[in-house]
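# Structural overview
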Amino acid sequence: MEKETSIVFLKPKRFEDCDDCVRYVAEDKIVNVNLKDLKEKDARRLYDYVHGAVYVKQAKLIDIGENIFCCVPKNINSEVKYNQGNTSKSNEEEEIIPFAK
């Protein structure tokens, strides 16, 4: 039986919300974090804090776009596909396709 993979989407409103991010990383969940609602200083602090948890868990940190990143557990393969057809900047977000080993 395959282990179920959970994906959590977070949009923190303050630095203290990093505890939720780290808890999900520790539980080996895929965590997509959107930092667009944070001030630049708090966004950087939260990113650095979560990056430490990702390092400890030997997970991967994937930069999705401006102020958006994804934490992927070490037992999950991931593939990032960029839309190559349109070279102008748009509001389209890149696609991440997770799949279990």
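Residues numbered from 1 in each chain as written. Predicted model: local features only at pLDDT ≥ 70, side-chain atom pairs only at ≥ 80, totals over all residues. Heavy atoms only, no water.

In the annotation of an unreviewed UniProt entry, the entry for the protein reads Cell division protein SepF, and the organism field reads Fusobacterium equinum. UniProt, in the comment section headed Function (unreviewed entry), describes the protein in these words: "Cell division protein that is part of the divisome complex and is recruited early to the Z-ring. Probably stimulates Z-ring formation, perhaps through the cross-linking of FtsZ protofilaments. Its function overlaps with FtsA." (UniProt positions renumbered as here; feature names shortened; annotations may be inferred.)

Check the secondary structure of the protein and you find 2 helices and 6 strands. Along the chain direction, N to C, the helices and strands of the protein fall in the order β-α-β-α-β-β-β-β. Put simply, the protein has 101 residues, and 31% of those count as buried. Summarising the internal contacts of the protein: among those between residues at least 6 apart in sequence, 47% fall at separations of at least 24. Of the roughly 7200 Å² of accessible surface on the protein, a fraction of 46% belongs to carbon and sulfur atoms. (Helix = DSSP H or I, 4+ residues; strand = E, 2+ residues; numbered from the N terminus. Buried < 20%, exposed > 50% of the residue type's maximum accessible area, 1.4 Å probe, protein only. Contact = heavy atoms within 4.5 Å. Areas by Shrake-Rupley, 256 points an atom, 1.4 Å probe, with all protein chains shown as cover.)

Because side chains alternate across strand β1 (residues 7-10), one face comprises the buried residues Val8 and Leu10, and the other comprises Ile7 and Phe9, none of which is buried. Note that β1 and strand β2 (residues 30-34) share 4 bridges and pair parallel. Among the inter-strand pairings, Phe9 is bridged to a residue of β2, identified as Asn32. For the handedness criterion, the β-α-β arrangement of β1, helix α1 (residues 18-26) and β2 is classed as right-handed. (Pairing = 2+ DSSP bridges. Right-handed = clockwise from strand over helix to strand, strands pointing away.)

Look at helix α2 (residues 40-56): 25 Å from first C-alpha to last across 17 residues, which is about the 24 Å you get at 1.5 Å a residue. All of the buried residues along α2 are Ala43, Leu46, Val50, Ala53 and Val54. Angular distribution of buried residues about the axis of α2 spans 100°; they occupy a single face of the element. Those residues of α2 that are exposed and angled more than 90 degrees off the buried face are Glu40, Lys41, Tyr55 and Val56. Turning to α2, the residues buried within the fold contact α1, β2, β3 (60-65) and β4 (68-72). (Expected span 1.5 Å × (residues − 1). Arc of directions from axis to C-beta.)

Before going further, it helps to examine unusual backbone geometry. Even without a glycine there, the phi angle at Gln58 is positive, about 55°. Taking relative accessible area as the criterion, Gln58 reaches 53% and is therefore assigned exposed. Of note, the phi angle at Asn67 is positive, near 65°, even though the residue is not glycine. With respect to the helices and strands, Asn67 occurs in the loop between β3 and β4.

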